[in-house]
Amino acid sequence: MSRVFVGPVEESKQSAGEGFEDLAWIFTCDSRNRGLIRQGFDEAALLWKAVKATSGNILEVGRNLAGSTVLLAAAAGPPRNIYSIDNRSNEDRACKDYLARPEHKARVHLLVADSHVPLPNLRFGFLFIDGDHTFEGVLADVVAHWNALQASDEKPALVAFHDALPNQNFKWRDADRNLNRLWIRLKNKFRKRQKPQIAPDYEPGVLKVCDELIHQGLAAKWRSAGSMLVMEKLAELPRNFSDAARKLQQP
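Note that this is a predicted model, so its numbers are computed, not measured.

Draft legend 1. Region of the structure containing unusual backbone geometry. In this structure, Pro79 follows Pro78 across a cis peptide bond, with omega equal to 5°. We note that Asn121 has phi near 65°; this positive angle belongs to a residue other than glycine. Among the secondary structure elements, Asn121 is positioned in the loop between β3 (108-112) and β4 (126-129).

Set out below in structure tokens:
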């Protein structure tokens, strides 16, 4: 079980110099408005805010349709470079066309590669992890790229994890599915592996890795929205980080 060091991130709805991205709370934000980015509106607003709070290159792990890549490119603007890693090329045509515009093409790098392998000789001010959501997958991504993340220009080094926190994104979908839950309960009687009656709204493996980063004093909570958790990097990963994190998997 996770230690759950990642508690609620309290933040005021009013702050000096707030922009449109700070007003997501006035909207209804859930899985129905995810679109090409595959995020809730409030999650995407937080991602935009985190990019604006940092400087330097950006690394994205997992882009799928590339909606999030479009947001990163728009939020960052020149001269920041965006490196996006995925194990396949599956970009939506509209997103691909947007990223091919002259103002983006030279600085947005769509890489088809193994995200568990570090990118040599590159440093980043912002890291967005939304790839393999299993515990081992997230752990491998963190180990590969964490130490390439660095603060610069007096701005923090931030890392965002999608699907990291319990949330209400799917509450609307499950509200009136009593018959569906009954059917799942009946089928579970004949299954070796039980299926949850309500689909999970976050990935426990992601939360467990985030928990360990905070527990070891390597990161601190910065902001959260929906399932999105943004943390500030405080220190480099120790060599035994993977072993310590795996202890969370033990009963």
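Draft legend 2. The arrangement of the pairing of strand β2 (residues 82-86) in detail. The buried fraction of β2 amounts to five of the five residues, a majority that puts the element mostly inside the structure. Side-chain alternation along β2 places Ile82, Ser84 and Asp86 on one buried face and Tyr83 and Ile85 on a second face that is also buried. Sheet topology places strand β1 (residues 58-61) next to β2; four bridges connect them, and they run parallel. By the bridge assignment, Leu59 is partnered in β2 with Tyr83. As paired strands, β2 and β3 are joined by five bridges and run parallel to one another. Bridging across to β3, Tyr83 finds its partner in His109.

Draft legend 3. Spatial organisation of the pattern of salt bridges. Overall, the coordinates contain eight salt bridges when judged by the stated rule. In this structure, Arg246 engages Asp243 in a salt bridge whose closest nitrogen and oxygen atoms are separated by 3.8 Å. Taken together, the residues Arg246 and Asp243, both in helix α9 (residues 241-246) and three residues apart, mark about one turn of the helix. Classification of Arg246 by relative accessible area gives partly exposed; the value is 34%. What emerges from the salt-bridge pattern is a single network uniting Arg63, Glu91 and Lys96.

Draft legend 4. Structural view of the nonpolar core. Core analysis: the biggest nonpolar cluster contains 34 residues, and Val142, Phe161, Leu213 and Met231 have the highest contact counts within it. Of all the elements in the fold, those that place two or more residues in this core are β1, β2, β4, α5 (135-145), β5 (158-161), α8 (204-215), β7 (228-233) and α9. Here this core takes six residues from α8, the largest share from any one element. Once residues within four sequence positions are removed from consideration, Leu213 is found in contact with Val142, Trp146, Phe161, Leu218, Ala219, Met231, Leu237 and Phe241.

Draft legend 5. Spotlight on helix α2 (residues 67-76). Among the 10 residues of α2, nine are classified as buried, and the element is accordingly described as predominantly covered. Those residues of α2 that sit buried are Gly67, Ser68, Thr69, Val70, Leu71, Leu72, Ala73, Ala75 and Ala76. Of the residues flanking the end of α2, it is Gly77, one or two places downstream, whose phi is positive at about 70°.

Draft legend 6. Seen up close, the sheet that holds β3. The mixed open sheet is built from seven strands, whose spatial order is β3-β2-β1-β4-β5-β7-β6. Looking at strand neighbours, the two that pair on one side only are β3 and β6 (219-225), the edges of this open sheet. Taken pair by pair, the neighbouring strands of this sheet meet at an average axis angle of 15°, ignoring direction. Where α8 meets the sheet, its contacts fall on β5, β6 and β7, and the angle it forms with β7 comes to roughly 25°.

Draft legend 7. Structural context of the packing of aromatic side chains. Within the structure shown, the criterion is met by four aromatic pairs. For the ring pair Phe20 and Phe27, a centre distance of 6.1 Å and an interplane angle of 65° mean the geometry is edge-to-face. Overall, Phe20 belongs to the exposed group, its relative accessible area being 53%. Ring geometry for Phe20 against Phe41: centres 6.1 Å apart, planes inclined by 75°, an arrangement best described as edge-to-face. Note that Phe20 is positioned in the segment before α1 (41-52) and Phe41 in helix α1, a separation of 21 residues in sequence. Each residue in the set Phe20, Phe27 and Phe41 is aromatic and connected to the rest through ring pairs, giving one cluster. Lying over the aromatic face of Trp222, Arg223 brings its terminal NZ or CZ to 4.8 Å of the ring centre.

Cut-offs and rules
- Residues numbered from 1 in each chain as written.
- Predicted model: local features only at pLDDT ≥ 70, side-chain atom pairs only at ≥ 80, totals over all residues.
- Heavy atoms only, no water.
- Helix = DSSP H or I, 4+ residues; strand = E, 2+ residues; numbered from the N terminus.
- Buried < 20%, exposed > 50% of the residue type's maximum accessible area, 1.4 Å probe, protein only.
- Pairing = 2+ DSSP bridges.
- Salt bridge = Lys/Arg side-chain N within 4 Å of Asp/Glu carboxyl O.
- Core = buried A, V, L, I, M, F, W, Y, C linked by side-chain atoms within 4.5 Å.
- Contact = heavy atoms within 4.5 Å.
- Axes fitted to C-alpha atoms, helices over the stretch in contact; angles between N-to-C directions.
- Phe/Tyr/Trp six-rings, centres within 6.5 Å; stacked < 30°, edge-to-face > 60°.
- Lys NZ or Arg CZ within 6 Å of the ring centre and 35° of its normal.

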